[in-house]
Amino acid sequence: MTTITIRQQLRPVTLPDGRRALIIDSIIPDDAPELIREGLARRAIVNGGGDCPCGASWPKPNRAQRRRLEQVAYLHIEIQHAADCPAETENLVALVREWVATG
């Protein structure tokens, strides 16, 4: 059985509100199937402050999240992709599982 690894990287970005941040992204494996590469690429676009072709974007933090950002340097925000988008979590997990099973 082949082992498949999707490595992570820290990447500096400027968020939509102008703040600089380090985000955690997946390094897109060259040998991954096209839909996995597309899903990971779309997530990287949104993580960096851009818009996904499905319409998902980096949401504005709510009041509690803004207060938290003033106190700490960590914030986890869920991005909601369209149900048929390859970057949507359930779709991407299913694609990776299929790739692992056939790898």
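Note that the structure is predicted; figures quoted are calculated from it, not measured.

With that settled, consider helix H3 (residues 89-102). An ideal rise of 1.5 Å per residue puts 20 Å on 14 residues; H3 measures up with 20 Å between its terminal C-alpha atoms. N-cap assignment for H3: the residue whose side-chain oxygen lies 3.2 Å from the backbone N of glutamate 90 is glutamate 88.

Turning our attention to the confidence of the model for the protein. Should the pLDDT be low somewhere, the predicted coordinates at that spot are not to be read in detail. Across the protein, the average pLDDT comes to 86, with 91% of residues at or above 70. By mean pLDDT, the top-scoring element of the protein is helix H1 (residues 34-47) (95), and the lowest-scoring one is helix H2 (residues 63-71) (74).

Moving on: a nonpolar patch on the surface. Taken together, Leu10, Leu22 and Ile24 make up a surface patch of nonpolar side chains, about 350 Å² in accessible area. Among the secondary structure elements, leucine 22 is positioned in strand S2 (residues 20-26).

Turning our attention to the environment of arginine 7. By the element assignment, arginine 7 lies in the segment before strand S1 (8-14). Arginine 7 gets classed as exposed once you look at its relative accessible area, which sits at 53%. Through-space distance from the C-alpha of arginine 7 to that of serine 26 is 5.8 Å; in sequence the pair is 19 residues apart. The residues touching arginine 7, leaving out its near neighbours within four places in the chain, are Asp25, Ser26 and Ile27.

The rules behind these values
- Residues numbered from 1 in each chain as written.
- Predicted model: local features only at pLDDT ≥ 70, side-chain atom pairs only at ≥ 80, totals over all residues.
- Heavy atoms only, no water.
- Helix = DSSP H or I, 4+ residues; strand = E, 2+ residues; numbered from the N terminus.
- Expected span 1.5 Å × (residues − 1).
- Polar contact = N/O pair within 3.5 Å; in protein donor to acceptor, adjacent residues only side chain to side chain.
- pLDDT = per-residue confidence, 0-100.
- Patch = residues over 30% accessible without salt bridge, like charges linked within 9 Å, V, L, I, M, F, W, Y side chains within 5 Å.
- Areas by Shrake-Rupley, 256 points an atom, 1.4 Å probe, with all protein chains shown as cover.
- Salt bridge = Lys/Arg side-chain N within 4 Å of Asp/Glu carboxyl O.
- Buried < 20%, exposed > 50% of the residue type's maximum accessible area, 1.4 Å probe, protein only.
- Contact = heavy atoms within 4.5 Å.

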